[in-house]
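# Coordinate analysis (summary)
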Amino acid sequence: MPVTRLTDAECDALLSECPAWQLRADGKAIERAFRFGDFNAAFGFMTRVALYADKADHHPEWSNVYNHVNITLTTHDADGLSQRDADMARAIESFL
Ligand code: HBI
């Protein structure tokens, strides 16, 4: 099912509201690196993100090495950024 992409203005607003996120070079995703005190803190954060993703049916592309977590958000159904990514980025920021 096609999903509406964010407009350039909506994308700009998202990035100004969530300045730690960066637009990927192809413009189709946003990404952010996180660093926590230890693995336990990182995994607790990942657990909260996972529960959000499962409820939203919208899933991050992510990696974890010890206390580092990298997250990329994009909407496959839109081949770019959608409101789902904006909502998820804001939710992720609220977990910090
Ligand atoms: N997660 N990031 C991301 N992008 C999607 O388009 C997406 C998803 N999770 C589930 C989903 N789409 C649903 O449409 C599944 O039915 C494919």
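Placed above this text is the structure.
Presented here is a report on the structure given in the accompanying data block. Since this is a predicted model, take the numbers as computed values, not measurements.

## Remarks on the pattern of salt bridges
Close approach of charged atoms lets side chains of opposite charge pair. Taken as a whole and judged by the stated rule, the model has six salt bridges. One salt bridge connects Arg32 with Glu93, and the closest N-O pair in it is separated by 2.8 Å. Here Glu93 lies in helix α3 (residues 83-94) and Arg32 lies in strand β2 (residues 30-35), a separation of 61 residues in the sequence. Its relative accessible area of 16% is what places Arg32 among the buried residues. For Arg84, the salt bridge is made with Asp77, and the minimal N-O distance between the two is 3.9 Å. Here Arg84 falls in the partly exposed class, since its relative accessible area comes to 30%. Where salt bridges share partners, they join Arg5, Lys28 and Asp79 into one cluster.

## Remarks on the sheet that holds strand β4 (residues 68-73)
Taken in spatial order, the four strands line up as β1-β2-β4-β3 in an open sheet, and their pairing is antiparallel. Strands with a single pairing partner mark the edges of an open sheet, and in this sheet they are β1 (22-23) and β3 (61-65). Where β1 and β2 come together, two bridges link them in antiparallel fashion. Looking at β2, one finds that Leu23 is bridged to Ile30.

## What to know about the site of the ligand
In the region of the ligand, the neighbouring residues are Asp57, His58, His59, Thr74, Thr75, His76 and Asp77. With respect to the ligand, the backbone of Thr74 contributes an N or O atom lying 2.8 Å from a nitrogen atom. Here an oxygen atom of the ligand and a side-chain polar atom of Asp77 are 3.0 Å apart. Look at the ligand: alone it shows 390 Å² of surface, and the protein chains cover 69% of it. Taken together, the residues that form the shell around the ligand break down as no nonpolar, five polar and two charged.

## Focus on the packing of helix α2 (residues 39-56) against α3
Helices that pack against each other are described as a pair by the angle of their axes relative to one another and the distance between those axes. Two elements in contact, α2 and α3, have axes separated by 10 Å at closest approach and are oriented at 150 degrees. For the element pair α2 / α3, the angle class is roughly antiparallel. Every pair of crossing elements has a handedness; the one defined by α2 and α3 is right-handed. Contacts between α2 and α3 involve Phe45, Val49, Tyr52 and Ala53 from the former and Asp87, Met88, Ala91 and Ile92 from the latter. Classifying every residue of the contact of α2 with α3 gives seven nonpolar, no polar and one charged.

Scoring rules and cut-offs
- Residues numbered from 1 in each chain as written.
- Predicted model: local features only at pLDDT ≥ 70, side-chain atom pairs only at ≥ 80, totals over all residues.
- Heavy atoms only, no water.
- Salt bridge = Lys/Arg side-chain N within 4 Å of Asp/Glu carboxyl O.
- Helix = DSSP H or I, 4+ residues; strand = E, 2+ residues; numbered from the N terminus.
- Buried < 20%, exposed > 50% of the residue type's maximum accessible area, 1.4 Å probe, protein only.
- Pairing = 2+ DSSP bridges.
- Near = heavy atom within 4 Å.
- Polar contact = N/O pair within 3.5 Å; in protein donor to acceptor, adjacent residues only side chain to side chain.
- Areas by Shrake-Rupley, 256 points an atom, 1.4 Å probe, with all protein chains shown as cover.
- Nonpolar A, V, L, I, M, F, W, Y, C, P; charged D, E, K, R; others polar.
- Axes fitted to C-alpha atoms, helices over the stretch in contact; angles between N-to-C directions.
- Parallel < 35°, antiparallel > 145°, perpendicular 65-115°, else oblique.
- Left-handed = near helix turned anticlockwise from the far one by under 90°.
- Contact = heavy atoms within 4.5 Å.

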